[in-house]
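Listed here are the chains, written in short residue letters.
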Amino acid sequence: MLDDRLALIMVSARVLLLWVLACLAPHAEGENYNHLVIAPQSPVLEMGTNFTATCMIIDTTEVTADDLYWILSETVVPREQYTLINRSALSVTVVPTSEKSEWLYCLCKKKSSYVILNAGRFIHGIFLTKGYRPGKPENLSCEAVQDRNVISSNISCKWHPVGRQTTDVKTTYTLNVIVTPTQTYSVSTQENCAIVSMKIYPSHMTLDIWVEAHNKLGKIESEHLIEDANWFVKTNPPSDVRIPEETFPTSLLIKWTPPIAKVYVRLTYQIRYCRNGSQNWTYVPHVDIAKDIQSFRLQNLEPYTVYVIQVCCKNVRGPLDYWSEWSTNTTKRTPADRPKSKPDLWKISAEGDGVNKRKVVFICKDPVFANGRIIRFDIKIEDQKDKVKNGSWESVLVNRSEDDSSSSQRTITSLKQADLADKESVKVSVIAVNSLGESPAASLIIPQKGHELAPVKDLKVWSRGGQLWLEWKPPRSEAVSEYVVEWAIGEQIDWQRENRTTRQTAIKGNLEKFVCYKVSVYPIYSGLTGKSETKEAFLEEGVPLKGPTFRLSGTPGRNEAELVWEEIPQSKRQGFITHYTIYYTDGTKVHDVTVPANTTSYTLRLLSGDTKYDTWISASTIRGSAKSSNHTFTTAKYAPGEIEAIVVGVSLGFLFVVLMTMLICIYKKDVIKENFWPQIPNPGESTIGNWSPDYPLKAETPKEHCVSGISVLDVEACDGKCVFEEDKASLPLKKDKYLSEEHSSGIGGSSCMSSPRQSVSDSDDGGDMDDTTANTIVYSSVVASNGYKGQTPSSQAQQAFFSRSESTQPLLDSEENPDMLVQEGSRQSQRFTRTSGMDGPDLGDFNQLGRERQEALVPLDFCSLEEDSEQTTPTDGESADRLSAAPISSYMPQLGGYRPQ
């Protein structure tokens, strides 16, 4: 209850204060006063804390607190964050979330015309600046460095700032140093370090040092450092570090000069040393070094070894991290001594020049503890089977400089090359000699070829952390005394020895990237070398330096081409080849084929004939691939044997056509003969040669559309007389005269067939007749005008027609058919046989003449005459009328053939 009353009293007091401020504001500003006032004015907000602002209404009753609202960064603040104090005061509580400064406005709703007209008096805003409270500085440290032979008057300090800062609220640091109550030094900065300058460094006096951090939100001090002034001193390193004597092979005496006088600072020292070229420093224990000394003797060093020595110092009472810098390097070699360890003996084996021979080269490294410069090696080779032939010691001189002897990488010396038989076993012994004595002897046994002891198992080699690591399993035999790990690049070789319990190790030599090493592990059985197990490995793989060189094997075929390539040289691979990729294109699409790494040839198939291809090969490692140069080839137009097959096929086809043609010609020889070589008719064998007057005439019923009753007069071709003359063609013919001389044509049985007849010349002159018959067989047909087949002619005088044909055309085809010799319904033909007593040439001469001249009878065709279809037997008058109606040339048909009988 009491708490509620106290809270109410505090709120009332706050409201009263705000009311007083609001009342005083109009009088202070005169006429330019505002009806809204926000308190507090332009505050600095601490990030992460609540902020409350109050908006009050003064000198107006137009609006109340219910008409007010708040805007923060152009966003209306939700009413849940408002607090109504009274009718004229409204507060808002906000929590800043952004480090960026922003405006907070109090506004009034446009409730009345007065508010609208005086809108500028009903708005008020404050600018919110945001920041963080300063943090307490930590890890304050100060030091005063040496300046020449005294301590500098400046003391520098640094600290670690704590907390965050904003751009609008930054933290300032002030470094304070109090020497005495009357001597105070201060310096301000916004960094985390500062330097205080004093007139003189106050040695042997107490200093009070601290840092104060402050900003708009507050201030805070660091822890105070209250120490003696010399506690902060950091001197220079000792100078003139030297080794004046070389008395013992295993120790060195070091001397130096202090950097500053004891009057200012009492110093303590620290010493470290290492072998030249190594970064493995050995530190002398601090308890072994007395205070305020200027010399020290190093013990347990290696003879004839170069050492690098450094010294530093600090105030005896100073902090541990106030040591000076290390002095410059001082290098010195220890005195020499006789070798304390054996030389490292090894061998290189190769095939010998002769049969059953081996070539072995014996090599060695200097002893690990050579203790001096090696001047020679003594070597002896002993036959294990024949002790009598044991060799003597041979000296191998070496010329070494002191730099070679001091190098951490021991030099490899080739001692001797020996040609051993495959069945020979030898023991080799080597001693290293320096200026002070000999080393212990190292030995190695070379067994017979094929009698080496078992190798290690499951050798693995991989790269890790910039080193090549090996792992193996020991052989079953327990007699292994040590292992030799060998790595080689071509003819360069190096090795290291591992003890008999080693199963995993790293190669300690300087290996190169992108180089293929042959790593081998040899088990050693008390000096006797066993079989090796070898693997290839890279310290780091890269992209091949070049692609494979390839070519075409032979001539490309129609659909295939074989590519052959060479392996990339080992020095250009820079990694293990994982696969090859063959690319080829005909200009439209690129095809690719992947083949294993152990492949050196491949045949491209399913190519197009007579097509130009561009191809290349890339070799790939795990790091990338390298492309070869392009090669272009053109496939053949025909596959091998395809041209021969085409020629054979065409030849067989042509032979088949020829054979079929010959068979057809043989099978159809009569048809071919008839079409290409027509038979010339023999008039002597024709039925016209069998005419005879012995057969009586039979009345024939003429066919429709034909004119019958044609009289044929046979006249000798050579007597020069004409039975009829053209001027007597109109005379009437007597029926009784021609009954005995009338002949049937005997040719053709159809009413449409023409009747060839022998004719006499139409010339009255006998001499003309002879000339005519010499060239032409004349056929004449005389049609009687006085009657038809004994029929009584009409009283009207009829004029006879005489037709003559002189032709060399073949006889009618109708003559070739013997079935057509007798016409149905026509008159019976009479045959006349020529005798020697008749006038003129006989029939045989006549036929011979016809064959020589190839002349034919001219038929008379009367089928074209127009007759009534119902009339079957024309009368004499009708026939005469029709004959006289048109010229005789219009009734002559085309000549045909004549078949002999």
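Within each chain, residue numbers correspond to sequence positions counted from 1 in written order. Where totals are concerned, whole chains, interfaces and linings use all residues; where local detail is concerned, this predicted model gives features only for residues with pLDDT of at least 70, and gives and counts side-chain atom pairs only at 80 or more. Side-chain figures throughout are based on the complete set of non-hydrogen atoms in the structure, without hydrogens or water.

Draft legend 1. Just the overall build of the chain, in detail. Secondary structure elements are defined from DSSP: runs of H or I of at least 4 residues count as helices, runs of E of at least 2 residues count as strands, and each element is numbered from the N terminus. When helices and strands are counted, the chain shows 10 helices and 52 strands. Think of it in three bands: with a 1.4 Å probe and only protein chains considered, a residue is buried below 20% of the maximum accessible area for its type, exposed above 50%, and partly exposed in between. Taken across its 901 residues, the chain has 43% of its residues classed as buried. Residue contacts are counted whenever heavy atoms from the two residues lie within 4.5 Å of one another. Once local pairs closer than 6 in sequence are excluded, the contacts in the chain between residues at least 24 apart make up 68%. To be clear on the numbers: accessible area is Shrake-Rupley with a 1.4 Å probe, and residue cover counts the displayed protein chains and nothing else. For the chain, the exposed area adds up to about 50,000 Å²; of that, 51% sits on carbon and sulfur atoms.

Draft legend 2. Region of the structure containing the state of the cysteines. Here, the term disulfide refers to a pair of cysteine sulfur atoms separated by no more than 2.5 Å. Throughout the structure, instances matching the rule amount to 2 disulfides. Paired through a disulfide, Cys-55 and Cys-106 show a sulfur-sulfur distance of 2.1 Å. Its torsion about the S-S bond being -85 degrees, the disulfide of Cys-55 and Cys-106 is classed as left-handed. With Cys-55 in strand S3 (residues 51-57) and Cys-106 in strand S8 (residues 102-108), the pair connects residues that are 51 residues apart, well separated along the chain. Summarising the burial analysis for this pair, Cys-55 and Cys-106 share the class buried.

Draft legend 3. Summary view of the nonpolar core. Membership of the largest hydrophobic core comes to 45 residues, with the highest contact counts inside it found for Tyr-201, Ile-209, Phe-232, Trp-256, Ile-271 and Leu-298. Apart from the residues within four sequence positions on either side, Trp-256 is in contact with Pro-238, Ser-239, Asp-240, Val-241, Arg-242, Tyr-269, Ile-271, Ile-293, Gln-294, Ser-295, Phe-296 and Val-311. In these notes, a set of buried Ala, Val, Leu, Ile, Met, Phe, Trp, Tyr and Cys residues joined through side-chain atoms within 4.5 Å is what counts as a nonpolar core. Core analysis: the second largest hydrophobic core is formed by 30 residues, Ile-363, Ala-418, Val-428 and Tyr-522 among them.

Draft legend 4. Local environment of the pairing of strand S32 (residues 426-434). Where burial is concerned, most of S32 is hidden: 8 out of the 9 residues are buried. Only when DSSP finds a minimum of two bridges between them are two strands counted as paired. As paired elements, strand S29 (residues 374-383) and S32 share 9 bridges and run antiparallel to each other. Of the residues in S32, the one forming a bridge with Ile-379 is Val-430. Here 5 bridges tie S32 to strand S34 (residues 442-446), and the two strands are oriented antiparallel to one another. Residue pairing in the sheet places Val-428 in a bridge with Leu-444 of S34. Inspection of the sheet shows S32 paired to strand S33 (residues 437-438) by 2 bridges, in the antiparallel sense. Looking at the pairing, Val-433 lines up with Glu-438 of S33. Where S32 hands over to S33, the hairpin turn is made up of 2 residues, counted between the paired strands.

Draft legend 5. Focus on the packing of aromatic side chains. Any two rings among Phe, Tyr and Trp, with Trp reduced to its six-membered ring, count as a pair given centres within 6.5 Å; such a pair is stacked if its planes are under 30 degrees apart, edge-to-face if over 60, and tilted if neither. As enumerated under the stated definition, the model contains 16 aromatic pairs in all. Taken together, a centroid distance of 5.0 Å and an interplanar angle of 75 degrees make the contact between Trp-346 and Tyr-522 edge-to-face. One end of the pair, Trp-346, is in strand S27 (residues 344-351); the other, Tyr-522, is in strand S40 (residues 516-525), with 176 residues separating them in the sequence. According to the relative accessible area criterion, Tyr-522 is buried, its value standing at 12%. Ring plane angle 15 degrees and centroid distance 5.6 Å describe the contact between Tyr-583 and Trp-616, whose orientation is recorded as stacked.

Draft legend 6. Molecular detail of the sheet that holds strand S36 (residues 467-473). Read from one edge to the other, the open sheet built from 3 strands follows the order S35-S36-S39, with strand pairing classed as antiparallel. Two strands bound the open sheet, and with one partner strand each, they are strand S35 (457-464) and strand S39 (504-506). Between one strand axis and the next, the sheet turns by 20 degrees as a mean value, whatever way the strands run. Pairing analysis gives 6 bridges linking S35 to S36, with the strands arranged antiparallel. Of the residues in S36, the one forming a bridge with Lys-457 is Lys-473. As a rule, the C-alpha atoms of each element are fitted with a line to give its axis, helices using only the stretch in contact, and angles between N-to-C directions run from 0 to 180 degrees.

Draft legend 7. Quick look at the sheet that holds strand S24 (residues 295-298). Spatially, the 3 strands line up as an open sheet ordered S20-S21-S24, and their pairing is antiparallel. Looking at strand neighbours, the two that pair on one side only are strand S20 (239-242) and S24, the edges of this open sheet. Averaged over all pairs of adjacent strands, the angle between their axes in this sheet comes to 15 degrees, without regard to strand direction.

Draft legend 8. Structural detail: a nonpolar patch on the surface. Taken together, the side chains of Tyr-638, Ile-643, Ile-646, Val-647 and Val-650 present a nonpolar region at the surface, about 450 Å² in accessible area. With respect to the helices and strands, the residue Tyr-638 is situated in the loop between strand S50 (631-634) and helix H5 (642-667). The patch calculation keeps residues exceeding 30% relative accessible area without a salt bridge and links them within 9 Å when they carry like charges or within 5 Å when they are nonpolar (Val, Leu, Ile, Met, Phe, Trp, Tyr). Just to be clear on terms, a salt bridge is a Lys or Arg side-chain nitrogen sitting within 4 Å of an Asp or Glu carboxyl oxygen.

Draft legend 9. View of the pattern of salt bridges. The full count for this structure, using the stated rule, is 23 salt bridges. Taking the shortest distance from any N to any O, the salt bridge between Asp-458 and Lys-473 comes out at 3.4 Å. A residue pair is termed long-range when its members are at least 10 positions apart, and Asp-458 in strand S35 and Lys-473 in strand S36 qualify at 15 residues. Where Glu-567 meets Arg-573, a salt bridge forms, and the shortest distance between an N and an O atom there is 3.2 Å. For Glu-567, a relative accessible area of 47% gives the class partly exposed. Through salt bridges with shared partners, a single network forms among Asp-344, Glu-482 and Arg-497.

Draft legend 10. Geometry of unusual backbone geometry. Of the consecutive residues Ala-39 and Pro-40, the connecting peptide bond is found in the cis state with omega at 0 degrees. Phi is positive for Tyr-304, which is not a glycine, with a value near 50 degrees. The exposure class assigned to Tyr-304 is buried, which follows from its relative accessible area of 12%. A positive phi angle is found at Gln-574, which is not glycine, with a value near 60 degrees. Looking at the secondary structure, you find Gln-574 in the loop between helix H4 (570-573) and strand S45 (579-585).

Draft legend 11. Quick look at the side chain of Asn-176. Tracing the backbone through its elements, the reader meets Asn-176 in strand S13 (residues 172-180). The buried category is assigned to Asn-176, whose relative accessible area is 10%. In protein, a polar contact means a hydrogen-donor-capable atom and an acceptor-capable atom, both N or O and within 3.5 Å, with residues adjacent in sequence counting only if both atoms are side-chain atoms; elsewhere, any N or O pair within 3.5 Å suffices. Within the structure, Asn-176 has its side chain in polar contact with the side chain of Ser-186 (distance 2.7 Å). For Asn-176, the contacting residues outside a window of four places in its chain are Tyr-185, Ser-186, Asp-208, Ile-209, Trp-210 and Glu-212.

Draft legend 12. Local environment of the pairing of strand S22 (residues 267-275). The element S22 is largely enclosed, with a buried count of 7 among its 9 residues. Sheet topology places S22 next to strand S23 (residues 282-283); 2 bridges connect them, and they run antiparallel. Counterpart to Tyr-273 in the pairing with S23 is Thr-282. Counting the residues in the hairpin turn of S22 and S23 gives 6 residues, including Gly-277, whose phi is positive at 90 degrees.

Draft legend 13. Seen up close, the confidence of the model for the chain. Values of pLDDT, which run from 0 to 100, indicate the predictor's confidence residue by residue. Of all residues in the chain, 71% attain a pLDDT of 70 or more, and the chain-wide mean is 76. Predicted confidence is poor over residues 17-31, with pLDDT under 50, and the contacts of this stretch with residues over four places away or in other chains come to 12 contacts. Under a pLDDT of 50 for its full length, residues 697-850 has, in the predicted model, 337 contacts with residues more than four places off or in other chains.

Draft legend 14. Region of interest: the environment of Phe-377. With respect to the element layout, Phe-377 can be found in strand S29. By relative accessible area, which is 0% here, Phe-377 ends up buried. Separated by 38 residues in sequence, Phe-377 and Leu-415 place their C-alpha atoms 7.8 Å apart.

Draft legend 15. Quick peek at the environment of Glu-498. Among the secondary structure elements, Glu-498 is positioned in strand S38 (residues 492-499). Judged by relative accessible area, Glu-498 falls into the buried class, the value being 11%. In sequence terms Glu-498 and Tyr-483 are 15 residues apart; their C-alpha atoms lie 5.1 Å from each other. Beyond its immediate stretch of four places on either side in the chain, Glu-498 contacts Glu-482, Tyr-483, Val-485, Thr-505 and Lys-508. Here the side chain of Glu-498 touches Thr-505 through a polar contact of 3.0 Å, side chain to side chain.

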